[in-house]
Amino acid sequence: MPSTPREVAQRSVDADVHCVGVSTLAAGHKTLVPELLKELHALGGPDILVICGGVIPPQDYDFLYDSGVSNIFGPGTQIPKAAVQVLDDIERCLDKRQQTA
């Protein structure tokens, strides 16, 4: 089901998720991901991690990291390694949240 960045952000905040994964098939990563991050911040979910996957040109990685993406998993990513990385990122985020609370 197609969703706008605002809808995804709202559902993520409402569900109190730790992480949102984004994979676009229409090369919208440089537009949709920064908008999603902006909406998450506006809706009170700045600590929700955003990860990207799929066919993203390597030259776009720095742009996405600079926008606030925590990880990018491209073609050939080994699922177990990606899962461990995401769990580690979530754990670090939760630790950071506890330290600032």
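From a predicted model like this one, the values you see are computed outputs, not experimental measurements.

Caption draft 1: Structural context of the overall build of the protein. A count of helices and strands for the protein gives four helices and three strands. From first element to last, N terminus to C terminus, the protein shows the α and β order α-β-α-β-α-β-α. Against the compact-globule benchmark of 13 Å for 101 residues, the protein has a radius of gyration of 13 Å, which places it among compact chains. Counting only residues that meet the buried cut, the protein has 32% of its 101 residues in that class. For the protein, the proportion of contacts with a sequence separation of at least 24, taken over those separated by at least 6, is 57%. As displayed, the protein has an accessible area near 6,500 Å², and 57% of this comes from carbon and sulfur atoms. Of note, the protein has its 8 positive side-chain charges centred 2 Å away from the centre of its 13 negative side-chain charges.

Caption draft 2: Examining helix H1 (residues 5-15) more closely. All buried positions along H1 are accounted for by Pro 5, Ala 9 and Ser 12. What you see down the axis of H1 is that its buried residues fit within an arc of 65°, all on one side. Counted as exposed and oriented over 90 degrees from the buried face of H1: Asp 14 and Ala 15. On its buried face, H1 sits against strand S1 (19-22) and helix H2 (29-42).

Caption draft 3: Region of the structure containing the pattern of salt bridges. Tallied over the entire structure, the rule returns five salt bridges. In this structure, Arg 6 and Glu 39 form a salt bridge, with 2.7 Å as the shortest nitrogen-oxygen distance. Of this pair, Arg 6 sits in helix H1 while Glu 39 sits in helix H2, placing them 33 residues apart in sequence. The class for Arg 6 is partly exposed, based on a relative accessible area of 42%. With its nearest N and O atoms 2.4 Å apart, the salt bridge here joins Asp 89 to Arg 92. Residue Asp 89 and its partner Arg 92 are both found in helix H4 (residues 79-100); the two are separated by three residues, about one turn of the helix.

Reading the values: rules and limits
Per-chain numbering applies: the sequence of each chain, read as written, is numbered from 1 onward. Under the rules for a predicted model, residues below a pLDDT of 70 receive no local features and side-chain atom pairs below 80 are neither given nor counted, while totals for whole chains, interfaces and linings still include all residues. Each side-chain value is worked out from all heavy atoms of the structure, with water and hydrogens disregarded. To qualify as a helix, a DSSP run of H or I must reach at least 4 residues; to qualify as a strand, a run of E must reach at least 2; elements of each kind are numbered from the N terminus. The atom set for the radius of gyration is the C-alpha atoms, and the globule formula is 2.2 Å times the number of residues raised to the power 0.38. Throughout this description, buried means an accessible area under 20% of the type-specific maximum (1.4 Å probe, protein chains only), exposed means over 50%, and partly exposed covers the range between. Note on contacts: a residue pair is in contact if any heavy atoms of the two residues lie within 4.5 Å. In this description, accessible areas are obtained by the Shrake-Rupley approach with a 1.4 Å probe, and a residue is regarded as covered only by the protein chains that are shown. Think of it this way: Lys and Arg go in the positive column, Asp and Glu in the negative one, and His and the chain ends go nowhere. The atom standing in for a charge is NZ when the residue is Lys, CZ when it is Arg, CG when it is Asp and CD when it is Glu. It is the directions from the helix axis to the C-beta atoms that the arc portrays. The rule for a salt bridge is simple: a side-chain nitrogen of Lys or Arg has to be within 4 Å of a carboxyl oxygen of Asp or Glu.

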